[in-house]
Amino acid sequence: MDKILEALVSSSHPLTVKRAIVKKVMEAAEKEVTEEQCQALYHLTTRFILQGEDAFQRQVGLQVQEAYARYHRDEFARFFSKEYVLGLLQQGYGSLDRRDPAILDFLHGSLRLLISCPAVLELAPLLQTEVLRIICERPEPATCAKLATILTDFPQCVPREKAGVLFCQQLVRTFAYFHCPATDERELREYVSQVTRVSALLQGIWKAEPATLLPSLQEVFAIISSTDPSFEPSIALASLVQHIPLQMITVLIKSLTTDQNVKDASMTQALCRMIDWLSWPLANHVDTWVIALLKGLAAVQKFTILIDVTLLKIEQVFNRLWYPIVRQGALVVLSHMLLSFQHSPEAFHLVVPHIVPLVKSLKSDGLPNSKTFLLQFAELIHCMMYQYSGFPDLYDSILESIKDLSKPSEEKIKFVLNQSAWTSQSNSFASGLLKITGKSETGKTGLVNLGNTCYMNSIIQILFMATDFRRHVMSLHLNGSNSLMKKLQLLFAFLAHTQRAAYSPRSFLEVSRPPWFTAGSQQDCSEYLRFLLDRLHEEEKTLSALQVTSQKPEPASTSAETLHNAVSQPVADVPSHPDPVVAAEGDGRTLVERMFGGRLSTAIRCLQCHSLSEKEEPFTDLSLAFCPSMSQPHGPTDEHKSSSSVGPCQGAVNGGSESSEGSVKEGTGAKMEMPMVEPTLSVTDLVDYFLAPEILENENCYFCERCASLQRAEKVMRVVAAPEYLILTLLRFSYDATCHVRRKILDNVGIPLHMCLPLRQHGSSASSSSSTAAASSSSDSPESGENLAKKLKPSQKEEGMTESRTKSKKNNLEMLSVPYVLSSVVMHSGMSSESGHYYSYGRNVSSADGLVANPCPKNLESSSLSENSTTTQEDMGCPDQKSTDWFLFNDSRVTFTNFQSLQNVTSRFPKDTAYVLIYRKQEVSGHPSNSGPVVNGSKLSGEPPLQKELMDAITKDNKLFLQEQELNARARALQATSTSCSFRPNGSDDNEPPGSCGPSGGGGGGGFNTISRLVF
């Protein structure tokens, strides 16, 4: 039969004749055939299959062999013996090399003919060995694909146990050599199909033998982390990632990032190659693994690797956005890389030139998913431009291209940036010793306590939270200047943009500390605030005067030497002239005057001759004394016992200077002698008491020039110009004349969220005295230096009023009511001004927040200011505050809190009392405010762009911080291998200062232990 078939196939008969005769040969298979005839036919058909001259011969060989093997299986099994199979796989067939894919096809077909025959099981051990040998020879993708098909259909031929682990590792290694030389689409599709079949084989083995998975992945990492320049692994390895269980991400990434044997160069190479995998069209979850590795490296503070990889690969990742098939995964990785790279604009600026062309392409490509993708992309770009503002030349064209797309809210942008920073990454990949000291969830930056400097830290934080003041400071152009304002601007920039959890303000402390403050000792924060504002004010006045008097005016960016000389000069006779750079409003007033400056009128009327002496003075804060009856439970002083008719007294210590002045306020004694209905005072009560009429008598009689003798007199103080930011200092440290000590008044003072300040309209003066009398009152007034802040020079022009007006024509006075909203509060914890601890509450409030139409509806009568001058939060109709509106600043610690916690803190911790409060003046409907910063003639409604000099300083420090974190992490990791040590969580105060700021310092009572409980 074999001779007939061979002669027929090689004859010149027509093809139809040949087919008919072949059919007869196949039908003869059903009849009995001898062993020799079967073997001869099997050899002949094998030759046709492997070495057929044309497709007809190969087809005949397959058909005839299949027909006879079906009816004579035992004979075929004996033909397809171990020796025969081994010869095919090791020596090939005739002229065919053993690596020829045709041999594997023949092997596969033969095994299918024996699928239910025991002979397959007998061949399995041989095939297990041979397939391992073949894989170790690094065959081409086509050969591997055919081998994968065989092993998928016949899993019993897959190597087992140790050989199975080795097979998987070698198969992974073979993947690394799957380079694609194809150029046309058909070849590319075939290549991808081959790779997919081999990766599916590995997936099946990993599922059947889980023990092979981890060694396989270790082999993958060994390949992609290789630094051998002569070897570049194939991108086909990306097809394996989709088969790795996502549940293993945490374990695998932690293992990789904490392995001390993995060098930085190897990790960098591995990460770069994983990013290259984003180009593989059919691999799922590549982006997930790339981001997991990026986060893992951030968690163990390998910032050098992250910086190098980001700068090296960011443009390549961006370019993947042009290809729809890999676009979505590339965007996820790009977003993470850009949003986490927050220490410098360098990475973002690398892709800026490519943004506009991509946006135009997405708008015009017509693909169904392009619109959704464009919205996501635009949101990312908005976040990056917000983070790195100050480059209008780079961003103008971008803004124009995405102007018709929705912009995320500022709150959302800040949340995204805060959650994405390297220093904000989850530490689930790191061990306890490697946890990062990143920013808190608030996104705010704390200030390092440099040794009893909480007084300064609390003041800096409340000034930073004074939104409009901060924006003014940040909008100033002070390049090259070494002024105090420049130092403050730099400090504000770091608080806003540093990646440190807490910034060290050492340089600012050195230039802003009053000369009489002892380094390392606790100080009065109110005294520091007044000194700081006065320095800023005088410095700006001096700079302005220098620019006017100099023959060659210099810009604000004057040298440090010139500025130092200028500030040291007396300023009493310096003419007032607007600084073209600093005085943005052009009225000659300094920034401190515009933000914190108000004016107070003091009028003293002699009760004998009724002459009136009146004087106006500027102020930056109001010092509010406690009425003696208010603080009676803490022990009366001699001042409180001055006479039977004595009511309130202002004997208090403000800024460390004592005052034993006794005074009596007429018309308030009866009210103060009544038992208090409420156990808690209110700030509005103290303001009313400050402004209430006062009788000067006995030791405090007034010297009347008209009477030429000491006379009883009535003193009235009125605010005639309201500041944009109203600073109130509660005089809690009173002098006890009996014991000759200063005591702290621990009264719990209620803090209203909203209040209205009574104001006498500027220019509606009731003065009827001569100029001589007015001049006399300037020196005789008991209040000339005690209850006012450090005085500013009179301003030449008052800002337009934005207050709601209720008029009273009594005594020719027009009374106004100015609405204010609480911005921040400094708390003092302890029993003495020389000890204890300061911390602060704050929130971002601008003049437009809480805009009201009729904020102070009650009528103001000059004779009853103490009754009707203030309104409560309920009167204002203010909605409840969100839990994230307020922040608690405690040196390096910053947490979320709320207004209710602020109100209740003294009730819970009696030694923790409000000391300095800042209220922001509010706009009234129809009266827009002029308090916002102005840049290039337009008022800013948001944060001003960060100037290049500031950005460079922040970028430099952020890089230094990341290097410090990385070095510290490496040191801790080395220590962890030999010793065990405790770790203080990020939430605790890790920089506890010496002295009175600490838990045991100076009898402060509160200290850090108290504040640690104030995490509401």
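Because the structure is predicted, anything quoted here is derived from the model rather than measured.

1. What about the sheet that holds strand β3 (residues 598-606)?
Then, number 1: The antiparallel open sheet is built from four strands, whose spatial order is β4-β3-β10-β7. Single-partner strands in this sheet number two, and they are β4 (612-619) and β7 (694-696). Taking the axes of each pair of neighbouring strands and ignoring which way they run, one obtains an average angle of 25° across the sheet.
Then, number 2: For β7 and strand β10 (residues 713-721), the ladder comprises three bridges, and the chain directions are antiparallel. For Leu696, the partnering residue across the bridge sits in β10 and is Ala713.

2. Re the confidence of the model for the protein chain
Then, number 1: Scored by pLDDT, the protein chain comes out at a mean of 75, with 74% of its residues at no less than 70.
Then, number 2: Taken together, the stretch residues 978-996 has pLDDT below 50 and engages in 37 contacts with residues farther than four places along the chain or on a different chain.

3. Let's talk about helix α24 (residues 467-475)
Given 3.6 residues to a turn, an α-helix orients residues that are three or four positions apart in the same direction.
Then, number 1: With nine of nine residues buried, α24 is to be regarded as a mostly interior element.
Then, number 2: Within α24, burial applies to Thr467, Asp468, Phe469, Arg470, Arg471, His472, Val473, Met474 and Ser475.

4. Some details on helix α7 (residues 101-113)
Then, number 1: In this model α7 runs 19 Å from its N-terminal to its C-terminal C-alpha over 13 residues, within 8% of the 18 Å that 1.5 Å per residue would give.
Then, number 2: Those residues of α7 not exposed but buried are Ile103, Leu104, Phe106, Leu107, His108, Ser110, Leu111 and Leu113.
Then, number 3: Among the structural elements, α3 (35-51), α4 (55-71), α5 (73-79), α6 (82-91), α8 (119-136) and α9 (141-153) are those in contact with the buried residues of α7.
Then, number 4: In this structure Asp100 caps α7, since a side-chain oxygen of it lies 2.8 Å from the backbone nitrogen of Ala102.

5. Observations concerning the nonpolar core
Then, number 1: Counting residues in hydrophobic clusters, the biggest one holds 209 residues, and the most contacted among them are Tyr68, Phe80, Phe348, Phe377, Phe469 and Phe492.
Then, number 2: With 10 residues, α8 is the largest single contributor of residues to this core.
Then, number 3: Among the nonpolar cores identified, the runner-up in size contains 41 residues, and Leu681, Val719, Leu728 and Tyr841 belong to it.

6. Some remarks on unusual backbone geometry
Then, number 1: Phi is positive for Asn452, which is not a glycine, with a value near 55°.
Then, number 2: Structurally, the position occupied by Asn452 is in the loop between β1 (446-447) and α23 (454-464).
Then, number 3: The residue Asn698 is not glycine, and still its phi comes out positive at about 55°.
Then, number 4: Here Asn698 lies in the loop between β7 and β8 (702-704).

7. As for the pattern of salt bridges
Then, number 1: Within this structure, the stated rule accounts for 33 salt bridges.
Then, number 2: The salt bridge partner of Arg70 is Glu66, with a shortest N-O separation of 3.3 Å. Here Arg70 pairs with Glu66, and both are found in helix α4, just four residues apart, close to one helical turn.
Then, number 3: Residue Glu66 is classed as partly exposed on the basis of its relative accessible area, which comes to 39%.
Then, number 4: A salt bridge links Arg133 to Glu130, with the shortest nitrogen-to-oxygen separation between them at 2.6 Å. In this pair, Arg133 and Glu130 are both assigned in helix α8, three residues apart and thus about one turn of the helix distant.
Then, number 5: Given a relative accessible area of 4%, Glu130 falls into the buried group.
Then, number 6: Connected through salt bridges with shared partners, the residues Arg98, Arg99, Glu130, Arg133 and Glu137 form a single ionic network.

About the cut-offs
- Residues numbered from 1 in each chain as written.
- Predicted model: local features only at pLDDT ≥ 70, side-chain atom pairs only at ≥ 80, totals over all residues.
- Heavy atoms only, no water.
- Pairing = 2+ DSSP bridges.
- Helix = DSSP H or I, 4+ residues; strand = E, 2+ residues; numbered from the N terminus.
- Axes fitted to C-alpha atoms, helices over the stretch in contact; angles between N-to-C directions.
- pLDDT = per-residue confidence, 0-100.
- Contact = heavy atoms within 4.5 Å.
- Buried < 20%, exposed > 50% of the residue type's maximum accessible area, 1.4 Å probe, protein only.
- Expected span 1.5 Å × (residues − 1).
- Polar contact = N/O pair within 3.5 Å; in protein donor to acceptor, adjacent residues only side chain to side chain.
- Core = buried A, V, L, I, M, F, W, Y, C linked by side-chain atoms within 4.5 Å.
- Salt bridge = Lys/Arg side-chain N within 4 Å of Asp/Glu carboxyl O.

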